[in-house]
Amino acid sequence: MDDIVAPRPAHLLLREETREAHEDTEASGGMRRLMDGELDVAGYEALLSAQLGLFEEWEADRAGWLADVVPQAGWSYVSRASLLRGDLAVASGARSYTSRPVEGRAPPVGASPARDAPAPAPAPAPAPAPAPVGASPARDAPVPAGASPAGDSIHYSATCWGELYVIEGSALGGRLIVRRLRELYPDRDHRFYAIGEEAPSAWRRFQHILDTQLHDDASRRAAVDGARRMFARFRQTLMEPAAHV
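Caption draft 1: Looking closely at the overall build of the protein chain. Of regular secondary structure, the protein chain possesses 10 helices and 0 strands. Burial statistics for the protein chain: of 245 residues in total, 45% are counted as buried. Of the roughly 12400 Å² of accessible surface on the protein chain, 54% is carried by carbon and sulfur atoms.

Below you can see the structure in the form of structure tokens.
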């Protein structure tokens, strides 16, 4: 009988299959200049502001999944958009690379009321009710005729787990980044980059959840695709902030 080779755990497959994308993202111009101390306060705020736009969009898009599937799997997601709004609260006029105002945005569904700082602007109108489990309120189209609704939902959720792998993994690097930020900007709050300091052992628990949620080859491959696209979004966001130097 031929030896049966067990498939790689999901977290190992994600790490191996996204290694190049991870390295390219870490080498993004904005992050390189930040760590080299080449950004003034306005440049740093622009970098945070750009990431705020990314996370507000992503958290709104994945609101239903974050509110339902993630806690059912045993994980507690902390809104990165809320942390970034807190870090930017002292700079009321901060703008992103695309010159969109930071203030006046609705807090994303799925934020943690116990930990998230309040938004600096007055609360807007209530957000729509969360979408059903597995549905994306902004992007998911109806299931095509002849397709399996259950299969489509599983593929969607696996893609989201791949995206979340990138986000939660970035907290590990954030522990190193925040030390540098406290040297460069000692008078600023750094809640966004300091999130990984609170529970460094949580990463191992998250990896275990990935392995249980991505239990077949199809779901693991969908997660890899989602992770690669998320890395690409981060690279686009962390562009060279030349206009703010």
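Caption draft 2: View of the side chain of Glu-168. Mapped onto the secondary structure, Glu-168 falls in helix H7 (residues 149–184). On the accessibility criterion, Glu-168 (9% relative accessible area) is buried. A distance of 3.0 Å separates a polar atom in the side chain of Glu-168 from a polar atom in the side chain of Trp-75. When residues no more than four places from it in sequence are discounted, the contact partners of Glu-168 are Trp-75, Tyr-77, Arg-80, Trp-203 and Phe-206.

Caption draft 3: Here's a closer look at the confidence of the model for the protein chain. Mean pLDDT for the protein chain: 78, with 69% of residues reaching 70 or above. When mean pLDDT is compared element by element in the protein chain, helix H5 (residues 63–72) scores highest at 98, while helix H8 (residues 195–198) scores lowest at 85.

Caption draft 4: Molecular detail of the side chain of Glu-163. Tracing the backbone shows Glu-163 in helix H7. Take Glu-163: its relative accessible area is 5%, and that puts it in the buried class. When residues no more than four places from it in sequence are discounted, the contact partners of Glu-163 are Trp-58, Arg-62, Gly-226, Ala-227 and Met-230.

Caption draft 5: Region of the structure containing the pattern of salt bridges. Applying the stated rule across the entire model yields 15 salt bridges. Residues Asp-61 and Arg-62 are paired through a salt bridge, measuring 3.3 Å at the closest nitrogen-oxygen approach. Residue classification places Asp-61 among the buried residues on the basis of a relative accessible area of 3%. Exposure remark for Arg-62: the relative accessible area of 6% places this residue in the buried category. Across the salt bridge formed by Glu-197 and Arg-182, the nearest N and O atoms sit 3.0 Å from each other. Of this pair, Glu-197 sits in helix H8 while Arg-182 sits in helix H7, placing them 15 residues apart in sequence. Residue Glu-197 is classed as partly exposed on the basis of its relative accessible area, which comes to 35%. Residues joined by salt bridges that share partners form a network here, namely Arg-8, Glu-16, Glu-17, Arg-221 and Arg-228.

Definitions and cut-offs
- Residues numbered from 1 in each chain as written.
- Predicted model: local features only at pLDDT ≥ 70, side-chain atom pairs only at ≥ 80, totals over all residues.
- Heavy atoms only, no water.
- Helix = DSSP H or I, 4+ residues; strand = E, 2+ residues; numbered from the N terminus.
- Buried < 20%, exposed > 50% of the residue type's maximum accessible area, 1.4 Å probe, protein only.
- Areas by Shrake-Rupley, 256 points an atom, 1.4 Å probe, with all protein chains shown as cover.
- Polar contact = N/O pair within 3.5 Å; in protein donor to acceptor, adjacent residues only side chain to side chain.
- Contact = heavy atoms within 4.5 Å.
- pLDDT = per-residue confidence, 0-100.
- Salt bridge = Lys/Arg side-chain N within 4 Å of Asp/Glu carboxyl O.

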